[in-house]
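Residue-level structural notes
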Amino acid sequence: MVTGPVVEMLARNAKFATTYQSPPGLVQMATALRASGKGVVVISCSDPRLNPYEVLGIDASLKATMIRNAGGRVFDAIRTLAVLQTIGNPATIVVIHHTDCGMTHFYDDDVKKALFKLSPEEKVAIEDMKFGEIKEGIENSIREDVAILKASPLIKKSTQIIGIAYDIMTGVLTEVVGSKSEL
Ligand SMILES: [Zn+2]
């Protein structure tokens, strides 16, 4: 049985569905997206204070889709990027990391310690995992992630890759790696 905040969410959905308008089917949408050559994938953090739709003013007129994970780290996003590339052929990937990110406060060792307690029998496997800590500031992690995407054999070389820092206290975006700037 559903309890807690999900009860409220389901109630809100019931209201939402009463005025819902069906979107185009997948094949129709993907065909239009590929023809437009304007698809954008935004990779950003799961932090609820960063709503990329609001921060970037994204609506249906901007052909953007989202990947969100802890820190907005790209090693965690390659599978999804490969799929999105196949479906919608996005022209641009934007990597956004933000100030005061959880990954700048909690490091891989903290996550590993918690996982050791949870699953001591998995200690060896957990030791080898990485969780996307950001120790040298977000400008560095952005440059690192843009470099990973540019070097990835799974990402089309024609894709424009942009790295942007988001100041969560002011709402201001600052380009760190642009389409023309060097790494
Ligand atoms: Zn974050």
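If you're wondering where the values come from, they're calculated on a predicted model, not measured in any experiment. (Residues numbered from 1 in each chain as written. Predicted model: local features only at pLDDT ≥ 70, side-chain atom pairs only at ≥ 80, totals over all residues. Heavy atoms only, no water.)

1. Overview of helix H8 (residues 138-151)
Along its 14 residues, H8 runs 20 Å from first to last C-alpha, staying within 8% of the 20 Å computed at 1.5 Å per residue. For H8, the complete set of buried residues consists of Ile138, Ser141, Ile142, Asp145, Val146 and Leu149. Taken around the axis of H8, the buried residues stretch over an arc of 135°, which confines them to a single face. The inward-facing, buried residues of H8 abut strand S1 (40-45), helix H4 (78-88), strand S3 (92-98), helix H5 (102-105), strand S4 (160-166) and strand S5 (173-177). (Helix = DSSP H or I, 4+ residues; strand = E, 2+ residues; numbered from the N terminus. Expected span 1.5 Å × (residues − 1). Buried < 20%, exposed > 50% of the residue type's maximum accessible area, 1.4 Å probe, protein only. Arc of directions from axis to C-beta. Contact = heavy atoms within 4.5 Å.)

2. Focus on the sheet that holds strand S2 (residues 64-69)
Strand order in the open sheet formed by five strands is S2-S1-S3-S4-S5, with mixed pairing between adjacent strands. Here the strands that pair on one side only, and so sit at the sheet edges, are S2 and S5. Averaged over all neighbouring strand pairs, the angle between strand axes comes to 25°, with direction disregarded. As paired strands, S4 and S5 are joined by four bridges and run antiparallel to one another. When the bridges of S5 are listed, Ala165 appears paired with Thr174. (Pairing = 2+ DSSP bridges. Axes fitted to C-alpha atoms, helices over the stretch in contact; angles between N-to-C directions.)

3. A look at the coordination of the zinc ion
The textbook angles at a metal center are 109.5 degrees for a tetrahedron of four donors and 90 or 180 degrees for an octahedron of six. All of the protein donors around the zinc ion are Cys45 (SG), His98 (NE2) and Cys101 (SG); their distances to the metal are 2.0 to 2.3 Å. All donors of the zinc ion belong to a single chain; written as a sequence motif, their spacing is C-x52-H-x2-C. (Donors = N, O, S within 2.8 Å, 3.2 Å for Na, K, Ca; no water.)

4. A short note on the packing of aromatic side chains
Under the counting rule described, the total for this entry stands at one aromatic pair. Ring centres of Phe16 and Tyr20 lie 5.3 Å apart, and the angle between their planes is 50°; this geometry places the pair in the tilted category. We classify Phe16 as partly exposed; its relative accessible area is 48%. A cation sits over an aromatic face here: Lys130 above Phe75, 4.4 Å from the ring centre. Against the face of Tyr107 rests Lys135, its NZ or CZ located 4.9 Å from the ring centre. (Phe/Tyr/Trp six-rings, centres within 6.5 Å; stacked < 30°, edge-to-face > 60°. Lys NZ or Arg CZ within 6 Å of the ring centre and 35° of its normal.)

5. A word on the UniProt feature "binding site: Zn(2+)" (unreviewed entry) in the protein chain
Within the UniProt annotation, "binding site: Zn(2+)" (unreviewed entry) is assigned to Cys45, Asp47, His98 and Cys101. A maximum C-alpha distance of 9.2 Å is found for the annotated residues, which run over 57 residues; spatially they form one tight group. Among the secondary structure elements, Cys45 is positioned in strand S1. Following the sequence through the fold, Asp47 ends up in the loop between S1 and helix H3 (52-55). Residues within four places of Asp47 in sequence aside, it is in contact with Arg68, His98 and Ile168. (UniProt positions renumbered as here; feature names shortened; annotations may be inferred.)

6. A look at the nonpolar core
Of all hydrophobic cores here, the largest spans 32 residues; its most connected members are Ile43, Leu81, Ile93 and Leu149. When contributions to this core are tallied by element, the ones reaching two or more residues are S1, S2, H4, S3, H8, S4 and S5. For this core, the element with the highest residue contribution is S4, accounting for five residues. Ignoring any residue separated from it by four or fewer positions in sequence, one finds Leu149 in contact with Ile43, Val74, Ile78, Leu81, Ile93, Val95, Ile155 and Ile161. (Core = buried A, V, L, I, M, F, W, Y, C linked by side-chain atoms within 4.5 Å.)

7. Details of unusual backbone geometry
A positive phi is found at Asn89, a non-glycine position, where the angle reads about 50°. Relative to the elements of secondary structure, Asn89 occurs in the loop between H4 and S3. Overall, Asn89 belongs to the partly exposed group, its relative accessible area being 27%. Unlike most non-glycine residues, Asp100 shows phi in positive territory, near 60°. Tracing the backbone through its elements, the reader meets Asp100 in the loop between S3 and H5. Judged by relative accessible area, which is 33%, Asp100 ranks as partly exposed.

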